[in-house]
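Structural features, examined
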Amino acid sequence: MSRAALDDSGCYAATARNALGAVSCRCHLVVDKGIRAYVAPDFIFELEPEVAVKAGADLRLAGRVEAYPSVGVMWHRDGVRLRPSRRAVMTLDHDGTVELALAGVGARDAGLYSCTAANAVGRAESSCRVQVLGSSPPPDRQVPEVVAPDV
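For the structure given in this document, a descriptive report is provided here. (Residues numbered from 1 in each chain as written. Predicted model: local features only at pLDDT ≥ 70, side-chain atom pairs only at ≥ 80, totals over all residues. Heavy atoms only, no water.)

This part takes up the overall build of the chain. Across its full length, the chain holds zero helices and eleven strands. Moving toward the C terminus, one meets the helices and strands of the chain in the order β-β-β-β-β-β-β-β-β-β-β. Here the chain holds 151 residues, and 24% of them are scored as buried. Within the chain, contacts between residues separated by at least 24 positions form 59% of all contacts whose residues are at least 6 apart in sequence. Of the accessible surface of the chain, which amounts to about 11200 Å², a share of 53% is contributed by carbon and sulfur atoms. (Helix = DSSP H or I, 4+ residues; strand = E, 2+ residues; numbered from the N terminus. Buried < 20%, exposed > 50% of the residue type's maximum accessible area, 1.4 Å probe, protein only. Contact = heavy atoms within 4.5 Å. Areas by Shrake-Rupley, 256 points an atom, 1.4 Å probe, with all protein chains shown as cover.)

What follows is the structure in structure tokens.
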């Protein structure tokens, strides 16, 4: 879109399909009258510092970030970038609400989650330690006691 007008503001969506499936994305376009004050991202609602979730349950982490222009958001677990999948849904709403929804968590999902929001003038990060309950590793095997016969 070149030369956007005020009435071009709104929700836009795109869907790509092939034989293996489909992927969709949405965005909200805001056309203003030339606001010149850029604002670096700032989490006005941080992620909860610690969350405990039962194994097999769904995990939801949410926060709210304020910035202008809008931000790009990345999620990490223990420093490894998370990618959207059927199990992991990441959203950024027009009001700045960021959310990670992870379905059917297991022991491998425990760790330090971080959400990084960045735009042209800065970046901000919020983190949460996630503990998965009822997913402890299997107990150590008991070694049977061997008794030698009396000779």
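With that settled, consider the pairing of strand S5 (residues 59-68). Here strand S3 (residues 39-45) runs beside S5; their pairing, made up of four bridges, is antiparallel. If you follow Phe45 over to S5, its bridge partner there is Arg64. As paired strands, S5 and strand S9 (residues 97-102) are joined by six bridges and run antiparallel to one another. If you follow Leu61 over to S9, its bridge partner there is Leu100. (Pairing = 2+ DSSP bridges.)

Another aspect to go through is the pattern of salt bridges. Tallying each qualifying case throughout the model produces three salt bridges. The partner of Arg60 in a salt bridge is Glu99, and the shortest N-O contact between them spans 3.3 Å. Linking Arg60 in strand S5 with Glu99 in strand S9, this pair joins segments that are 39 residues apart in sequence. Of the charged contacts in the structure, one is a salt bridge between Arg77 and Asp109, with a shortest N-O distance of 3.8 Å. Placement of Arg77 in strand S6 (residues 72-77) and of Asp109 in the loop between S9 and strand S10 (111-119) is noted, with a sequence separation of 32 residues between them. Relative accessible area serves as the criterion here: at 23%, Arg77 is assigned to the partly exposed category. Since its relative accessible area comes to 2%, Asp109 is described here as buried. Each of Arg77, Arg87 and Asp109 takes part in salt bridges that share partners, so that together they form one network. (Salt bridge = Lys/Arg side-chain N within 4 Å of Asp/Glu carboxyl O.)

The next point concerns the layout of surface pockets. Summary: where empty space remains is shown by rolling a probe the size of a single water molecule over the atoms. For the largest pocket, the calculated volume is near 1300 Å³. Ser70, Val71, Leu92, Asp93 and His94 are the residues nearest the centre of the largest pocket, which is lined by 34 residues in total. A per-element tally of the lining of the largest pocket places strand S2 (residues 21-29) first, with seven residues. Of the residues in the lining of the largest pocket, the class split is 19 nonpolar, seven polar and eight charged. (1 Å grid on protein atoms, 1.4 Å probe; cavity = no way out; pocket = protein on both sides within 12 Å on 5 of 7 lines; lining within 4 Å. Points joined across faces, edges and corners; volume = space filled by probe spheres on them. Nonpolar A, V, L, I, M, F, W, Y, C, P; charged D, E, K, R; others polar.)

As summarised here, the arrangement of the five strands in space is S4-S11-S10-S6-S7, forming an open sheet in which the pairing is mixed. One side of each edge strand has no neighbouring strand; the edge strands of this open sheet are strand S4 (50-54) and strand S7 (80-81). Pairing analysis gives five bridges linking S4 to strand S11 (residues 122-133), with the strands arranged parallel. By the bridge assignment for S11, Val53 is matched with Val132.

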